[in-house]
Amino acid sequence: MEKDLLKTPIEFLKGVGPAKADLLKTEMRIFTFGDLLTLYPFRYIDRSKFYTVKEIQSASTEVQVRGKITSIEEVGQPRKKRLVAHFEDSTGRVELVWFKGAQWIKKSLQIGTEYVLFGKPNYFKGKYSFPHPELEKVEDFKKSPIQGLQPVYPSTEKLTNKGLNARGIGKLTKVLLPQLKGVIRENLPARILEHYKWPSKEQSLMAVHFPKDLESLESARKRLKFEEFYFIQISMLLQKQRTTVLTKGQVFDKVGDAFNGFYSNHLPFELTGAQKRVLKEIRKDTKSGHHMNRLVQGDVGSGKTVVALLSMLIAADNGFQSCLMAPTEILAQQHYNGLSEMLEGTEVRIALLTGSTKTARRKEIHADLLNGQLDILVGTHALIEPTVQFRNLGLAVIDEQHRFGVAQRAKLWKKNSIPPHILIMTATPIPRTLAMSLYGDLDSSVIDELPPGRKPIKTVHRYDSNRLQVFGFMKEQIAKGRQCYVVYPLIEESAKMDFKDLEDGYNSICREFPTPDYHVSIVHGRMKAEDKDYEMQRFAKGETQIMVATTVIEVGVNVPNASVMVIESTERFGLSQLHQLRGRVGRGAEQSFCILMSGQKLSNEARTRIETMVRTNDGFEIADVDLQLRGPGDMMGTRQSGMLDLKIADITKDNQLLHLARKEAEGLLAEDPKLTKPEHAATRQFYIEQAKGKVQWSRIS
Ligand code: ADP
Ligand code: MG
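Numbering of residues starts from 1 in every chain and runs along the sequence as written. Naming scheme: in the order in which they are written, chains are lettered from A and ligands are numbered from 1. Reporting in this predicted model follows two pLDDT cut-offs: at least 70 for local features of residues, and 80 or more for side-chain atom pairs to be given and counted; totals over whole chains, interfaces and linings ignore these cut-offs and use all residues. Side-chain figures throughout are based on the complete set of non-hydrogen atoms in the structure, without hydrogens or water.

It is worth spelling out the packing of helix 12 (residues 273-286) against helix 13 (residues 304-317) at this point. The angle between the axes and the distance between the axes are what describe a pair of packed helices. Running from N to C, helix 12 and helix 13 cross one another at 35°; their axes reach a closest spacing of 10 Å. Of the two possible hands of crossing, helix 12 and helix 13 adopt the one that is right-handed. Along its contact with helix 12, which presents Gln275, Val278, Leu279, Ile282 and Arg283, the element helix 13 presents Val306, Val307, Leu310, Ser311 and Ile314. Three categories are distinguished: nonpolar for Ala, Val, Leu, Ile, Met, Phe, Trp, Tyr, Cys and Pro, charged for Asp, Glu, Lys and Arg, and polar for the others, with Gly belonging to the last. Its residues placed into classes, the contact of helix 12 with helix 13 shows seven nonpolar, two polar and one charged. What counts as an axis is a line fitted to C-alpha atoms, over the stretch in contact for a helix, and the angles between N-to-C directions run from 0 to 180 degrees. Here a strand is any run of E in DSSP of at least two residues, a helix any run of H or I of at least four, and the numbering for each starts at the N terminus. What makes a crossing left-handed is the near helix being turned counterclockwise from the far one by less than a right angle; a clockwise turn instead makes it right-handed. Contacts were defined at the residue level, with two residues in contact if any of their heavy atoms lie within 4.5 Å.

When the centres of two rings from Phe, Tyr and Trp lie within 6.5 Å, Trp using its six-membered ring, the rings pair. Their planes under 30 degrees apart give stacked, over 60 give edge-to-face, and anything left gives tilted. The tally for this structure, following the rule as stated, stands at 14 aromatic pairs. Here the aromatic rings of Tyr230 and Phe231 are separated by 5.7 Å at their centres, their planes lie at 80°, and the arrangement is edge-to-face. For Phe231, a relative accessible area of 2% puts it in the buried group. The rings of Tyr196, Trp198, Phe226, Tyr230, Phe231 and Phe686 are connected pair by pair, giving a single aromatic cluster. Lysine and arginine charges are scored as sitting over a ring when NZ or CZ, respectively, is within 6 Å of the ring centre and within 35 degrees of the ring normal. The ring of Phe118 is capped by Arg47, whose NZ or CZ atom sits 3.9 Å from the centre of that ring. Lying across the ring of Phe513, Lys475 places its NZ or CZ 5.2 Å from the centre. Throughout this description, buried means an accessible area under 20% of the type-specific maximum (1.4 Å probe, protein chains only), exposed means over 50%, and partly exposed covers the range between.

Here, a salt bridge means any Lys or Arg side-chain nitrogen found within 4 Å of an Asp or Glu carboxyl oxygen. Throughout the structure, instances matching the rule amount to 33 salt bridges. Taking the shortest distance from any N to any O, the salt bridge between Glu671 and Arg191 comes out at 3.8 Å. Here Glu671 is found in helix 25 (residues 655-671), whereas its partner Arg191 is found in helix 8 (residues 190-196), with 480 residues between them in sequence. Here Glu671 falls in the partly exposed class, since its relative accessible area comes to 37%. A relative accessible area of 36% places Arg191 in the partly exposed class. Across the pair Glu568 and Arg467 runs a salt bridge, and its minimum N-O distance is 2.4 Å.

Residue placement: Leu450 occurs in the loop between strand 16 (443-447) and strand 17 (458-463). A sequence separation of 19 residues divides Leu450 from Gln469, and the C-alpha atoms of the two residues are 32 Å apart. Among all residues touching Leu450, those that are not within four sequence positions of it are Thr272, Val300, Gly301 and Ser302.

A word on the domain arrangement of the protein. Here the protein is described as being made up of domain 1 (49-147), domain 2 (257-286 + 303-426) and domain 3 (458-616). Between the C-alpha centres of domain 1 and domain 2 there is a distance of 70 Å. For every domain, the bounds stem from an assignment made automatically or drawn from a database.

Moving on, we get to the site of ligand 1. Taken together, 16 residues lie near ligand 1, and Glu270, Gly301, Lys304, Thr305 and Arg454 sit nearest. Between ligand 1 and the protein, one listed contact pairs an oxygen atom with a backbone N or O atom of Gly301 at 2.6 Å. Nitrogen and oxygen atoms within 3.5 Å of one another constitute a polar contact, given that in protein one can donate a hydrogen and the other can accept it, and given that sequence-neighbouring residues count only through two side-chain atoms. One of the side-chain nitrogen or oxygen atoms of Thr305 is found 2.6 Å away from an oxygen atom of ligand 1. Where accessible areas are quoted, they stem from the Shrake-Rupley method and a 1.4 Å probe; at the residue level, only the protein chains shown are allowed to cover. Burial of ligand 1 by the surrounding chains reaches 81%, relative to a free accessible area of 570 Å². A class-by-class count of the residues in the shell around ligand 1 yields four nonpolar, seven polar and five charged. For this purpose, a residue is taken to be near a molecule or strand whenever a single non-hydrogen atom of the residue falls within 4 Å of it.

This paragraph deals with the confidence of the model for the protein. What pLDDT conveys is the predictor's confidence in a given residue, as a value from 0 to 100. Summarising the model, the protein shows a mean pLDDT of 88, and 92% of its residues fall at 70 or more. Ignoring residues within four places in sequence, the model shows residues 636-642, a span with pLDDT below 50, making 14 contacts including any to other chains. Between residues 695-701, whose pLDDT stays under 50, and residues either more than four places distant or in other chains, the model counts 24 contacts.

Contact geometry for helix 11 (residues 257-265) and helix 13: axes closest at 7 Å, N-to-C directions at 145°. Counting all contacts with helix 11, which are made through Asp257, Ala258, Phe259, Phe262 and Tyr263, the residues of helix 13 involved are Leu309, Leu310, Leu313, Ile314, Ala316 and Asp317. Of the residues belonging to the contact of helix 11 with helix 13, the class tally is nine nonpolar, no polar and two charged.

For two strands to pair, DSSP has to find at least two bridges joining them. Relative to strand 5 (residues 114-119), strand 2 (residues 63-75) runs antiparallel, the two sharing six bridges. Across the sheet, residue Val63 finds its bridge partner in strand 5, namely Gly119. Note: strand 2 against strand 3 (residues 82-89), seven bridges, orientation antiparallel. The residue of strand 3 that forms the bridge with Ile69 is Phe87. The antiparallel hairpin formed by strand 2 and strand 3 contains six residues in its connecting segment, where Gly76 sits at a positive phi of about 95°.

The next point concerns helix 25. Over its 17 residues, helix 25 runs 24 Å from end to end, which matches the ideal 24 Å to within 8%, given 1.5 Å per residue. By the burial criterion, the buried members of helix 25 are Leu657, Leu658, Ala661, Arg662, Glu664, Ala665, Leu668 and Leu669. On the buried face of helix 25, the contacting elements are helix 8, helix 10 (214-245), helix 17 (432-438) and helix 26 (681-692). Helix span is expected to be 1.5 Å times the residue number reduced by one.

What follows deals with the sheet that holds strand 16. The strands making up a sheet associate through backbone hydrogen bonding, with each pair oriented either parallel or antiparallel. Spatially, 12-13-11-14-15-10-16 is the arrangement adopted by the seven strands of the open sheet, whose pairing is parallel. Edge positions in the sheet fall to strand 12 (350-353) and strand 16, since each of these pairs with one other strand and no more. When strand polarity is set aside, the average angle formed by the axes of neighbouring strands in this sheet is 20°. Note: strand 11 (residues 321-325) against strand 14 (residues 393-399), five bridges, orientation parallel. Note on strand 14: the bridge partner recorded for Cys323 is Ala396. Across the face of the sheet, helix 12 comes into contact with strand 10 (293-298), strand 15 (421-426) and strand 16 while running at roughly 160° to strand 16.

This is how it looks when you write it as structure tokens:
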């Protein structure tokens, strides 16, 4: 019954004709009664308070006044007429103004009748006026339910033009809800409702659409937010069961010569405690017989690469191949160089495959992969092409994963009959709340310790007008044998402006740092891969002292002798990008510096970003600020996932409820993994209904 009613197409609701129905669908994605039911008010106006005209003090907030209309007139040019009504109470007068629909409104207004006026006033030449206010006769107002808290619904301009403004949508809800009484089923286990003293589903829906008082509204909202998180978490945890516990995995039960030989003879340093712990977690997963799906988060420079390498060596000891995917050509190349160097003198065979690998070499690699001559393949997206086939791929490491789309990752699964273990490494710390919602189906490890002896990077903010001092500082550092990066905002193929900025910057640096005393490199997205590589190598070898670059160097590039990072037009970079860029320095033993350049004029948000960078080096703290500033939608490509299309809950504000939902969902599935107990039947039923409409986007991540 409930099902049928909630699935009723929206055009069958009284007051919604075909035209309005079309708009509701295209503008708000409201197709059914059920969709309208979960279109929640985004705020409430307190209509219990009345103001007098004299008390109106600001033009920014809505006020409610009781009074009478004393006269009505039409003013202005014939084609631009507006209707003006004079409204007064015992303390003063205001004007009510309509620019549209004057004829109709004029007829409906009654002079001398007591009205309740509601709206947002404008202030002009010493007078307040209310454009298109809400008016209701006092006698009607007394009967209407809006006397207390009035819900405000989202709407759009097109809907408003068709009479469905925030209030119009509220009226539809008013028609709908009484019809649904007695058919809205509970979907949370009874013990949760009892324990938290939350209202039933039906009570909650009634309360958010027709709030009686703040208290019951609050607990209804809490319950609905919890519910929203709860079902996401159940879905995540079930997904996790499927991709780990219920999916067979390759068994890496041996630790042999590849690992041990490297560990005792080639590893140039002692692992940090955090690296050892994460390696143990990976060991445990990969020998369990279940499929591993693990996210390793570690700030820039925390030493994720060597953890990946050691894991790949364990795979090799068990007769399996591994691959390591990087998001850019430069990074793949650098991983390859670094790993080859570390593996020198061992038996482990490694190759590099990217978009620019020559055909002959590519063919060789393809053959070697198939006949097992290769242990480790490093590369870019090129290595997930269907033509690349492995003899027995056992482990896939994905570096800086958020740049890989879900679909691309899914291709990896298919490279073997038993899917390879997946290790995802990211240097962009993800706030815990976001991680729980987005990657709640992954196991997660954190490398929360930097290798010993690192000095925290000193970060300062300088205005463009101080550029000469900054150049002076760079010269001092270069005189001490250090190297500097100067980074400009991303060059888009189309953005000529960016390119000009970069060229101008490069030219002025070449003037300021002339040969033969100085040598300057430049790397940007428009260069050919081999030219980029050549310049990178010159800088890495110390042949050039300054690297002028765009964000192509953002990820992973490792030149320990570089100790100064100058970022130009800092205000144009996002926080996580800034943090990534800063991570390019501070990799050696010397004190490193990050100089954030900007113009004088900064938006509040840009200022907050800069202040945050100056205040802290902690990637998790930075990620939290980023989440607060941008909201979850823009981060980590979450938009595509659709997973964060939350109707009432808000990840940045409701994180306590999110943690609670996670805990309760874990408890639920621990007690009843398949939700077969009778007391969970309703929860199960709701979960199934909801899951039907959703794509399994997180099949792999
Ligand atoms: P990221 O986590 O940013 O990928 P890398 O793996 O590139 O960091 O490591 C950064 C640098 O730290 C590299 O030069 C690496 O050799 C070095 N490193 C990694 N682990 C340790 C350690 N335990 N002790 C000392 N140096 C280390
Ligand atoms: Mg790295």
